Amino acid sequence: MPQSSVRIADLTWYDFAARVKDDPIVFLPTGSVEQHGPHLPLFTDVILPVAVAEAVAAKLGGLVAPPVTYGYKSQPKSGGGNHFPGTLSLDASVFISLVRNIINELARHGVRKVVLFDGHMENQWFLVEAADLALRDQRAEGVHDLKIVKLGYWEFITKATEAALFPEGMPSWELEHAAVMETSVMLHLRPDLVRVDKIPDHPAASFPPYDVYPFDTTPIPPDGVLSSAKPASAEKGAIVIEQVVPDIAASLAKVFGKPTEA
Ligand SMILES: [Zn+2]
(Lines give C-alpha, C1' and ligand atoms only; values in the text may rest on other atoms or scores of the structure.)
Protein backbone atom coordinates (compact mmCIF):
# COMPACT_ATOMS: atom_id res chain seq x y z
CA MET A 1 0.00 0.00 0.00
CA PRO A 2 1.82 3.17 -1.11
CA GLN A 3 2.04 6.13 1.27
CA SER A 4 -0.84 8.51 0.67
CA SER A 5 1.08 11.72 1.55
CA VAL A 6 1.11 14.33 -1.19
CA ARG A 7 4.75 15.16 -0.38
CA ILE A 8 7.32 13.39 -2.53
CA ALA A 9 9.84 14.04 0.27
CA ASP A 10 7.79 11.79 2.62
CA LEU A 11 7.69 8.84 0.22
CA THR A 12 10.04 5.89 -0.16
CA TRP A 13 11.27 5.14 -3.65
CA TYR A 14 8.83 2.24 -3.78
CA ASP A 15 5.94 4.60 -2.96
CA PHE A 16 7.15 7.10 -5.55
CA ALA A 17 7.41 4.46 -8.28
CA ALA A 18 3.93 3.14 -7.47
CA ARG A 19 2.37 6.62 -7.43
CA VAL A 20 4.01 7.70 -10.71
CA LYS A 21 2.43 4.67 -12.45
CA ASP A 22 -0.95 6.41 -11.97
CA ASP A 23 0.28 9.37 -14.05
CA PRO A 24 -0.21 11.94 -11.25
CA ILE A 25 0.02 15.71 -11.55
CA VAL A 26 3.31 16.71 -9.90
CA PHE A 27 3.52 20.18 -8.40
CA LEU A 28 6.80 22.06 -8.14
CA PRO A 29 6.35 25.06 -5.82
CA THR A 30 8.80 27.88 -6.53
CA GLY A 31 9.42 30.76 -4.17
CA SER A 32 12.14 32.99 -2.82
CA VAL A 33 14.06 33.89 0.30
CA GLU A 34 12.97 37.51 0.36
CA GLN A 35 12.27 40.24 2.87
CA HIS A 36 8.56 40.55 3.65
CA GLY A 37 8.60 43.57 5.92
CA PRO A 38 8.95 43.69 9.70
CA HIS A 39 6.04 41.26 10.26
CA LEU A 40 6.45 38.29 7.88
CA PRO A 41 9.25 35.72 7.57
CA LEU A 42 11.79 35.55 4.74
CA PHE A 43 10.23 32.23 3.67
CA THR A 44 6.74 33.66 3.03
CA ASP A 45 6.97 33.06 -0.74
CA VAL A 46 7.80 29.39 -0.06
CA ILE A 47 5.34 28.70 2.77
CA LEU A 48 2.33 30.00 0.82
CA PRO A 49 2.71 28.18 -2.52
CA VAL A 50 3.70 24.94 -0.74
CA ALA A 51 0.55 25.07 1.42
CA VAL A 52 -1.73 25.90 -1.50
CA ALA A 53 -0.08 23.31 -3.78
CA GLU A 54 -0.48 20.61 -1.11
CA ALA A 55 -4.17 21.41 -0.70
CA VAL A 56 -4.71 21.36 -4.48
CA ALA A 57 -2.67 18.15 -4.89
CA ALA A 58 -4.81 16.43 -2.24
CA LYS A 59 -7.90 17.16 -4.36
CA LEU A 60 -6.32 15.77 -7.53
CA GLY A 61 -4.42 12.73 -6.21
CA GLY A 62 -1.26 14.66 -7.08
CA LEU A 63 2.23 14.88 -5.61
CA VAL A 64 4.22 17.91 -4.44
CA ALA A 65 7.95 17.91 -5.14
CA PRO A 66 10.33 19.56 -2.67
CA PRO A 67 10.09 23.28 -3.48
CA VAL A 68 12.61 25.49 -5.23
CA THR A 69 13.19 27.74 -2.25
CA TYR A 70 15.47 30.37 -3.82
CA GLY A 71 14.08 32.61 -6.55
CA TYR A 72 15.01 35.28 -9.05
CA LYS A 73 16.18 38.67 -7.71
CA SER A 74 13.62 40.71 -5.82
CA GLN A 75 12.52 43.71 -7.89
CA PRO A 76 11.85 47.08 -6.21
CA LYS A 77 8.39 47.49 -7.77
CA SER A 78 7.12 44.03 -6.81
CA GLY A 79 9.28 42.79 -3.93
CA GLY A 80 10.97 45.83 -2.42
CA GLY A 81 14.31 45.10 -4.10
CA ASN A 82 17.30 42.87 -3.74
CA HIS A 83 19.21 45.13 -1.34
CA PHE A 84 17.30 44.21 1.84
CA PRO A 85 19.22 42.06 4.33
CA GLY A 86 18.17 38.42 4.14
CA THR A 87 16.96 38.59 0.55
CA LEU A 88 18.95 35.75 -1.00
CA SER A 89 18.39 35.53 -4.75
CA LEU A 90 19.61 33.60 -7.76
CA ASP A 91 20.85 34.81 -11.13
CA ALA A 92 18.22 34.10 -13.80
CA SER A 93 20.46 31.58 -15.56
CA VAL A 94 20.87 29.57 -12.34
CA PHE A 95 17.13 29.60 -11.60
CA ILE A 96 16.23 28.58 -15.16
CA SER A 97 18.79 25.74 -15.13
CA LEU A 98 17.60 24.52 -11.74
CA VAL A 99 13.93 24.35 -12.70
CA ARG A 100 14.73 22.88 -16.13
CA ASN A 101 16.87 20.22 -14.46
CA ILE A 102 14.15 19.27 -11.96
CA ILE A 103 11.50 19.00 -14.71
CA ASN A 104 13.86 16.75 -16.71
CA GLU A 105 14.47 14.59 -13.63
CA LEU A 106 10.74 14.18 -13.02
CA ALA A 107 10.24 13.32 -16.70
CA ARG A 108 13.11 10.80 -16.60
CA HIS A 109 11.15 8.89 -13.95
CA GLY A 110 7.94 8.91 -15.95
CA VAL A 111 6.17 12.07 -14.76
CA ARG A 112 4.22 13.64 -17.64
CA LYS A 113 2.09 16.25 -15.86
CA VAL A 114 3.97 19.07 -14.15
CA VAL A 115 2.70 22.25 -12.50
CA LEU A 116 5.18 25.05 -11.83
CA PHE A 117 3.39 26.53 -8.82
CA ASP A 118 4.84 29.97 -8.27
CA GLY A 119 4.79 32.03 -5.08
CA HIS A 120 7.18 34.80 -6.17
CA MET A 121 6.20 37.11 -9.02
CA GLU A 122 9.78 37.72 -10.15
CA ASN A 123 10.16 34.06 -11.12
CA GLN A 124 7.50 34.05 -13.76
CA TRP A 125 9.33 34.59 -17.08
CA PHE A 126 12.19 32.36 -15.99
CA LEU A 127 9.68 29.59 -15.27
CA VAL A 128 8.38 30.05 -18.81
CA GLU A 129 11.94 29.71 -20.12
CA ALA A 130 12.65 26.63 -17.95
CA ALA A 131 9.43 24.98 -19.19
CA ASP A 132 10.26 25.77 -22.80
CA LEU A 133 13.81 24.40 -22.54
CA ALA A 134 12.69 21.26 -20.67
CA LEU A 135 10.07 20.56 -23.34
CA ARG A 136 12.81 20.92 -25.97
CA ASP A 137 15.08 18.57 -23.99
CA GLN A 138 12.29 16.02 -23.71
CA ARG A 139 11.42 16.16 -27.41
CA ALA A 140 15.08 15.44 -28.15
CA GLU A 141 14.75 12.39 -25.85
CA GLY A 142 11.70 11.23 -27.80
CA VAL A 143 9.24 12.26 -25.08
CA HIS A 144 6.29 14.08 -26.65
CA ASP A 145 3.59 13.78 -24.00
CA LEU A 146 5.04 15.98 -21.25
CA LYS A 147 2.65 18.78 -20.34
CA ILE A 148 3.60 21.70 -18.06
CA VAL A 149 1.36 24.31 -16.47
CA LYS A 150 2.82 27.49 -14.98
CA LEU A 151 0.72 29.50 -12.55
CA GLY A 152 0.86 31.99 -9.71
CA TYR A 153 -1.74 31.09 -7.09
CA TRP A 154 -2.68 34.78 -6.58
CA GLU A 155 -3.75 34.97 -10.23
CA PHE A 156 -6.78 32.81 -9.34
CA ILE A 157 -8.14 35.32 -6.84
CA THR A 158 -11.56 36.34 -8.17
CA LYS A 159 -13.07 39.83 -8.19
CA ALA A 160 -15.38 38.76 -5.32
CA THR A 161 -12.42 37.67 -3.15
CA GLU A 162 -10.56 40.83 -4.15
CA ALA A 163 -13.55 42.85 -2.91
CA ALA A 164 -13.51 40.96 0.41
CA LEU A 165 -9.76 41.60 0.79
CA PHE A 166 -9.91 45.26 -0.24
CA PRO A 167 -13.32 46.77 0.52
CA GLU A 168 -11.78 50.20 -0.18
CA GLY A 169 -10.18 49.11 -3.47
CA MET A 170 -6.72 47.60 -4.01
CA PRO A 171 -3.57 49.42 -5.21
CA SER A 172 -2.25 46.67 -7.57
CA TRP A 173 -1.00 43.09 -7.27
CA GLU A 174 2.61 44.30 -7.63
CA LEU A 175 2.22 46.64 -4.65
CA GLU A 176 0.63 43.84 -2.64
CA HIS A 177 4.10 42.63 -1.61
CA ALA A 178 3.94 41.62 2.11
CA ALA A 179 0.65 43.53 2.32
CA VAL A 180 -3.01 42.54 2.80
CA MET A 181 -3.18 39.27 0.86
CA GLU A 182 0.09 37.66 1.96
CA THR A 183 -0.33 38.85 5.55
CA SER A 184 -3.92 37.56 5.70
CA VAL A 185 -3.04 34.13 4.31
CA MET A 186 -0.07 33.87 6.68
CA LEU A 187 -2.36 34.84 9.59
CA HIS A 188 -4.68 32.04 8.50
CA LEU A 189 -2.05 29.35 7.83
CA ARG A 190 0.94 30.22 10.03
CA PRO A 191 -0.10 32.78 12.70
CA ASP A 192 2.89 31.63 14.76
CA LEU A 193 5.19 33.30 12.19
CA VAL A 194 3.41 36.69 11.96
CA ARG A 195 4.63 39.56 14.18
CA VAL A 196 1.16 41.06 14.63
CA ASP A 197 2.44 44.07 16.58
CA LYS A 198 4.70 44.99 13.64
CA ILE A 199 2.09 44.90 10.83
CA PRO A 200 2.82 48.12 8.90
CA ASP A 201 0.33 50.78 7.93
CA HIS A 202 1.57 53.39 5.47
CA PRO A 203 0.58 54.67 2.02
CA ALA A 204 1.38 52.57 -1.06
CA ALA A 205 4.72 53.20 -2.76
CA SER A 206 4.63 55.32 -5.90
CA PHE A 207 7.13 54.47 -8.65
CA PRO A 208 7.90 56.28 -11.93
CA PRO A 209 6.90 54.43 -15.13
CA TYR A 210 10.57 53.62 -15.94
CA ASP A 211 13.48 51.90 -14.19
CA VAL A 212 16.99 53.25 -13.59
CA TYR A 213 19.91 50.94 -12.74
CA PRO A 214 21.33 50.99 -10.15
CA PHE A 215 17.78 51.39 -8.88
CA ASP A 216 16.78 54.57 -7.09
CA THR A 217 15.72 53.27 -3.68
CA THR A 218 14.04 56.55 -2.60
CA PRO A 219 10.46 55.49 -3.54
CA ILE A 220 10.78 52.16 -1.69
CA PRO A 221 9.23 52.27 1.81
CA PRO A 222 12.09 51.66 4.29
CA ASP A 223 10.30 48.64 5.80
CA GLY A 224 10.11 46.90 2.39
CA VAL A 225 6.31 46.65 2.41
CA LEU A 226 4.84 48.24 -0.73
CA SER A 227 1.37 49.12 0.61
CA SER A 228 -0.50 48.98 3.91
CA ALA A 229 -0.94 45.56 5.49
CA LYS A 230 -3.16 46.91 8.27
CA PRO A 231 -6.50 45.57 6.90
CA ALA A 232 -5.11 41.99 6.91
CA SER A 233 -6.93 39.33 8.92
CA ALA A 234 -6.97 35.55 9.33
CA GLU A 235 -10.60 35.57 8.13
CA LYS A 236 -9.56 37.22 4.86
CA GLY A 237 -6.78 34.64 4.53
CA ALA A 238 -9.32 31.83 4.93
CA ILE A 239 -11.51 33.41 2.21
CA VAL A 240 -8.53 33.41 -0.19
CA ILE A 241 -7.60 29.78 0.51
CA GLU A 242 -11.19 28.51 0.37
CA GLN A 243 -11.66 30.19 -3.00
CA VAL A 244 -8.36 29.57 -4.81
CA VAL A 245 -7.79 25.91 -3.82
CA PRO A 246 -10.94 24.49 -5.49
CA ASP A 247 -10.62 26.91 -8.43
CA ILE A 248 -7.01 25.92 -9.16
CA ALA A 249 -7.94 22.23 -8.76
CA ALA A 250 -10.84 22.63 -11.21
CA SER A 251 -8.63 24.38 -13.79
CA LEU A 252 -5.92 21.73 -13.55
CA ALA A 253 -8.46 18.88 -13.67
CA LYS A 254 -9.63 20.36 -16.96
CA VAL A 255 -6.15 20.93 -18.42
CA PHE A 256 -4.92 17.45 -17.51
CA GLY A 257 -8.20 15.54 -17.90
CA LYS A 258 -8.21 14.37 -14.27
CA PRO A 259 -11.17 13.95 -11.90
CA THR A 260 -11.10 15.93 -8.63
CA GLU A 261 -11.31 13.64 -5.62
CA ALA A 262 -12.54 15.93 -2.86
ZN1 LIG B 1 5.71 37.42 -1.19
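Residues numbered from 1 in each chain as written. Predicted model: local features only at pLDDT ≥ 70, side-chain atom pairs only at ≥ 80, totals over all residues. Heavy atoms only, no water.

### Here we look at the coordination of the zinc ion
Ideal values differ by geometry: the angle at a metal is 109.5 degrees with four tetrahedral donors, but 90 or 180 degrees with six octahedral donors. We apply this condition: Each metal's donors are the N, O and S atoms found within 2.8 Å of it, except that Na, K and Ca use a 3.2 Å limit; water is left out, so coordination can look incomplete. Key to geometry: four donors with every angle between 85 and 135 degrees are tetrahedral; four donors are square planar and six octahedral where opposite donors lie over 155 degrees apart and all remaining angles lie between 65 and 115; all other sites are irregular. Each helix is a run of H or I in the DSSP string that is no shorter than four residues. Each strand is a run of E no shorter than two, and both are numbered from the N terminus. Partly exposed describes any residue whose relative accessible area lies between the buried limit of under 20% and the exposed limit of over 50%, with all areas from a 1.4 Å probe on protein chains only and scaled to the type maximum.
Distances from the zinc ion to its protein donors, His36 (NE2), Asp45 (OD), Glu182 (OE) and Glu182 (OE), fall within 1.9 to 2.8 Å. Because the angles between the four donor atoms bound to the zinc ion fall within 51 to 142°, the donor set is best described as irregular. Linear spacing of the donor residues for the zinc ion on their chain is H-x8-D-x136-E. Placement of the pair is His36 in the loop between β1 (25-30) and α2 (44-60) and Glu182 in helix α7 (residues 180-189), with a sequence separation of 146 residues. In this structure, His36 and Glu182 share a single accessibility class: buried.

### Looking at the pattern of salt bridges
Stated precisely, the cut-off is as follows: In the sections that follow, a salt bridge refers to a side-chain nitrogen of Lys or Arg positioned within 4 Å of a carboxyl oxygen of Asp or Glu.
For the structure shown, the criterion picks out ten salt bridges. Asp211 serves as the salt-bridge partner of Lys77, at 2.8 Å between the closest nitrogen and oxygen. Here Lys77, found in helix α3 (residues 76-79), pairs with Asp211, found in the loop between α7 and α8 (234-256); they are 134 residues apart in sequence, far enough to count as distant. What makes Lys77 partly exposed here is its relative accessible area of 24%. One salt bridge connects Arg108 with Glu105, and the closest N-O pair in it is separated by 2.7 Å. Of the two residues, Arg108 and Glu105 are both situated in helix α4 (residues 92-108); the distance of three residues between them amounts to about one turn of the helix. The exposed category is assigned to Arg108, whose relative accessible area is 56%. Overlapping salt bridges bring together Arg7, Asp10 and Glu54 as one network.

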